[in-house]
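Each chain is listed here by its residues.
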Amino acid sequence: MKMELTKEQLNWQTDFREFVDDVVTPYSEKNDREERLDPELIERLKEKGYLGSMLPQEYGGMGLDWVTIGILNEEIGRGCSSLRSLLTVHGMVALALLRWGSDEQRSQWLPKMAAGEMIGAFALTEPGVGSDAKNVQSVAVASDHSYVLNGHKKWITMGQIADIYLVFAQCEGKPTAFLVERNTPGFTTTPITGMLGARASMLAELHLADCVIPQENLVGSVGTGLSHVALHCLDYGRYTVACGCVGLGQACLEQSVHYSRKRRQFGKALRENQLIQKMITEMTVNVKAARLLCYHSGYLKDVMDPDSIMETWTAKYFASKMVNQVASDAVQIHGANGCSRDYPVERYLRDARINEIIEGTSQMHEMLIALHTIRNI
């Protein structure tokens, strides 16, 4: 099997990289410092149509293949992990509606989401519920032609600015998915700040107090919230996070090579030190390996191979662990400068750490990958 990008994919890669270098990277330090995405940056993302990258053209999306979607998330992740997280959660909601939404929901919401007129956020996690998602404590009760929602969500990426939320709650004792608009009476958000990394992801807590939503805002059917809707969303989430890790690893590598060229110790450039060369070699190989795992996962999605789900688990597990080691080495190569905000590797290290927690912890990945392997060998 020959694994290489098509001419069209290479052209997209060039476009994405230029956008990141010209537009995204200049904002990344400011985003981190202010703990928010600059509104101008979000507008530029909308103008490029990237918020519709995962949607078909019939809804105003870009209609990109999965490998190209991965390349986009890699390049955005190279420039700003927080901006990549916007693509992730927005896409999770959009794809949930594309796959499990009604015709009316798709026609009402997807064109607006593709254009960036409405931002989506994925609301599953609660203060007491993370990996054990089937035991969410939020509750939805049917009432006439509506549902009444009560509950508390936490760590919701883009929760501060989203217009529409995919909220998971127990309905008739079964996890179920609902759409909740920001302006719904009884729905409020509280910003979360002071995070270790991905500080501009604009996290929020969500509070639902007798929120009445139309019956038409049920996504899928009662009881399919996790088994169908959430798992479909999380597969996309893991894929984009894995690709974003590759981009962040690439940024660490590029900064390390640049620094080792100009920094001199003991009368010679740092790059001439063999132990520095060893670290750069390992960084290069691991980034390339993670990229190939992501490309393979994307290819399997494009050909609708059911193995794509497990290969996405594998890619996310390896890429998230890889980027933590690569970011650590990047700081080490920079020495004391690597611990200073004057150099981006300090931010890279903090951002990298988040990726072993979001969209399934490394430990959850280890359990599932091991069980899958044991059953199939």
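Once a new chain begins, its residue numbering starts again from 1 and follows that chain's sequence as written. Totals for whole chains, interfaces and linings use all residues, but because this is a predicted model, local features are given only for residues with pLDDT of at least 70 and pairs of side-chain atoms are given and counted only at 80 or more. Where side-chain values are given, they derive from all heavy atoms of the structure, hydrogens and water being excluded.

You'll find the protein entered in an unreviewed UniProt entry as Acyl-CoA dehydrogenase domain-containing protein, with Paenibacillus dendritiformis C454 given as the organism. Taken verbatim from the UniProt record of the protein, the Cofactor (unreviewed entry) comment is "FAD". Entered under Sequence similarities (unreviewed entry) in the UniProt record, the comment concerning the protein runs "Belongs to the acyl-CoA dehydrogenase family." UniProt positions are given in the numbering used here, feature names are shortened, and annotations may be inferred rather than shown by experiment.

Visitor: Could you clarify how one ought to interpret the overall build of the protein in this entry?
Guide: Labels follow the DSSP assignment, with helices taken as runs of H or I lasting at least four residues and strands as runs of E lasting at least two, numbered in each case from the N terminus. The helix and strand inventory of the protein stands at 10 helices and 10 strands. Just to be clear, the radius of gyration here is over C-alpha atoms, and the globule rule we use is 2.2 Å times residues to the power 0.38. Taking 2.2 N^0.38 as the reference for a compact globule, 377 residues should give roughly 21 Å; the C-alpha atoms of the protein span a radius of gyration of 21 Å, in line with that estimate. Projected onto its principal axes, the C-alpha positions of the protein cover 80 × 45 × 40 Å. Residues counted as buried form 53% of the 377 residues belonging to the protein. Here the contacts in the protein between residues at least 6 apart in sequence split such that 74% fall between residues at least 24 apart. Split by element, the accessible area of the protein, about 16700 Å² in all, is 52% carbon and sulfur. Under the counting rule used here, the positive set is Lys and Arg, the negative set is Asp and Glu, and His together with the chain ends is not counted. The location of each charge is read from NZ of Lys, CZ of Arg, CG of Asp or CD of Glu. Between the centroid of the 38 positive side chains of the protein and the centroid of its 45 negative side chains there is a distance of 8 Å. Relative accessible area decides the class of each residue, using a 1.4 Å probe on protein chains only: under 20% of the type maximum gives buried, over 50% gives exposed, and in between gives partly exposed. What makes two residues a contact is simply this: any of their non-hydrogen atoms within 4.5 Å. All accessible areas in this document rest on Shrake-Rupley with a 1.4 Å probe, and a residue is counted as covered only by the protein chains that are shown.

Visitor: Whenever I open this one, a nonpolar patch on the surface confuses me. Can you help?
Guide: Together, Met3, Leu292, Tyr299 and Val303 make up a nonpolar patch on the protein surface, roughly 340 Å² of accessible area in all. Residue placement: Leu292 occurs in helix 7 (residues 274–302). Leu292 sits in the partly exposed class, given a relative accessible area of 47%. Patch membership requires more than 30% relative accessible area and the absence of a salt bridge. Residues of like charge join within 9 Å; the nonpolar side chains Val, Leu, Ile, Met, Phe, Trp and Tyr join within 5 Å. In what follows, salt bridge is the name for a side-chain nitrogen of Lys or Arg lying within 4 Å of a carboxyl oxygen of Asp or Glu.

Visitor: Whenever I open this one, the packing of helix 6 (residues 225–262) against helix 9 (residues 345–354) confuses me. Can you help?
Guide: Relative orientation and spacing of two packed helices are given, respectively, by the angle between their axes and the distance between those axes. In the contact formed by helix 6 and helix 9, the axes pass within 10 Å of each other and the chain directions differ by 155°. With respect to helix 9, the axis of helix 6 lies roughly antiparallel. Between helix 6 and helix 9 lies a crossing whose hand is left-handed. Where helix 6 approaches helix 9, its residues Leu248, Ala251, Cys252 and Gln255 are matched on the opposing element by Val345, Tyr348, Asp351 and Ala352. When residues are sorted by character, Ala, Val, Leu, Ile, Met, Phe, Trp, Tyr, Cys and Pro go into the nonpolar class, Asp, Glu, Lys and Arg into the charged class, and all the rest, Gly among them, into the polar class. Within the contact of helix 6 with helix 9, the residues separate by chemical class into six nonpolar, one polar and one charged. Axes here mean lines fitted to C-alpha atoms, for a helix over just the part in contact, with angles spanning 0 to 180 degrees between N-to-C directions. Our angle categories are set so that under 35 degrees counts as roughly parallel, over 145 as roughly antiparallel, 65 to 115 as roughly perpendicular, and the remainder as oblique. Helix crossings fall into two classes, left-handed where the near helix is turned counterclockwise from the far one by less than a right angle and right-handed where it is turned clockwise.

Visitor: Got a minute to help me understand the nonpolar core in this structure?
Guide: The tendency in soluble globular proteins is for nonpolar side chains to be buried side by side. Judged by nonpolar contacts, the single largest core of 110 residues is most densely connected at Leu149 and Leu166. Looking at which element gives the most residues to this core, the answer is helix 6, with 17 residues. Discounting chain neighbours no more than four positions away, the residues touching Leu166 are Val93, Ala96, Ala121, Phe122, Ala123, Ala177, Phe178, Leu179, Val219, Val229 and Cys233. What makes a nonpolar core is a set of buried Ala, Val, Leu, Ile, Met, Phe, Trp, Tyr and Cys residues whose side-chain atoms join them at distances within 4.5 Å.

Visitor: I tried to follow the UniProt feature "domain: Acyl-CoA oxidase/dehydrogenase middle" (unreviewed entry) in the protein on my own but got confused; where do I start?
Guide: In the numbering used here, UniProt assigns the "domain: Acyl-CoA oxidase/dehydrogenase middle" (unreviewed entry) feature to residues 121–211. Helix and strand shares over residues 121–211 are 0% and 53% respectively, and the end C-alpha atoms of the span are 17 Å apart.

Visitor: I would appreciate a short explanation of the domain arrangement of the protein in the present structure.
Guide: Where interface size is given, it is often the accessible area lost as the parts come together that is meant. In terms of domains, the protein is made up of domain 1 (7–115), domain 2 (120–219) and domain 3 (228–376). Facing the 28 residues of domain 1 at the interface are 31 residues of domain 3. When the buried area of domain 1 at its contact with domain 3 is split by residue, Trp66, Glu74 and Met92 rank highest and sum to 26% of it. Counting every contact that joins domain 1 to domain 3 gives five salt bridges. The salt bridge partner of Arg291 is Glu74, with a shortest N-O separation of 2.9 Å. Counting only elements with at least two residues in the side of domain 1 that touches domain 3, the list comes to helix 1 (7–34), helix 3 (66–79) and helix 4 (81–100). Its residues assigned to classes, the side of domain 1 that touches domain 3 shows 10 nonpolar, nine polar and nine charged. These domain boundaries are the output of an automatic or database domain assignment. As a working definition, buried area equals the accessible area (1.4 Å probe) given up by two parts on being put together, with both sides summed.

Visitor: Even after reading the chapter, I still don't get the layout of surface pockets, so can you show me in this structure?
Guide: Rolled over the atoms, a probe sized like a water molecule indicates the empty space that remains. Definitions used for this entry: grid spacing 1 Å over protein atoms alone; cavity, a set of points where a 1.4 Å probe fits but cannot get out; pocket, an open set with protein on both sides within 12 Å along at least 5 of 7 lines; lining residue, one with an atom within 4 Å of a point. Grid points are joined across faces, edges and corners, and a volume is the space filled by probe spheres set on the points. Its boundaries defined by the atoms lining it, the second largest pocket holds a volume of some 230 Å³. As for the second largest pocket, its lining consists of 17 residues, of which Thr25, Gln255, Pro344, Arg347 and Tyr348 are closest to the centre. Taken together, the elements giving at least two residues each to the lining of the second largest pocket come down to helix 1, helix 3, helix 6 and helix 9. Sorting elements by how many residues they give to the lining of the second largest pocket places helix 1 first, with five residues. Formed jointly, the lining of the second largest pocket draws a minimum of three residues from each of two domains, domain 1 (7–115) and domain 3 (228–376).

Visitor: I keep staring at the side chain of Lys153 and nothing clicks. Help me out?
Guide: Following the sequence through the fold, Lys153 ends up in strand 3 (residues 146–156). A polar side-chain atom of Lys153 sits 3.1 Å from the main-chain carbonyl oxygen of Leu124. We call two N or O atoms a polar contact when they sit within 3.5 Å, provided that within protein one can donate a hydrogen and the other can accept it, with sequence-adjacent residues counted only if both atoms are side-chain atoms. In this structure the side chain of Lys153 is engaged in a polar contact, spanning 2.9 Å, whose partner is the side chain of Glu126.

Visitor: I tried to follow the environment of Pro344 on my own but got confused; where do I start?
Guide: Looking at the element boundaries, Pro344 is found in the loop between helix 8 (308–334) and helix 9. Its relative accessible area of 21% is what places Pro344 among the partly exposed residues. Along the sequence, Pro344 and Glu40 sit 304 residues apart, while their C-alpha atoms lie 21 Å from each other.

Visitor: Explanation requested: the side chain of Glu356 in the structure shown.
Guide: Following the sequence through the fold, Glu356 ends up in the loop between helix 9 and helix 10 (362–376). Assessed through its relative accessible area of 14%, Glu356 is described here as buried. A polar contact of 3.4 Å, which involves the side chain of Glu356, links it to the side chain of Asn324. Polar side-chain contacts of Glu356 include one of 2.5 Å to the side chain of Ser362. Beyond its immediate sequence surroundings of up to four residues, Glu356 is in contact with Lys316, Ser320, Lys321, Asn324, Thr361 and Ser362.

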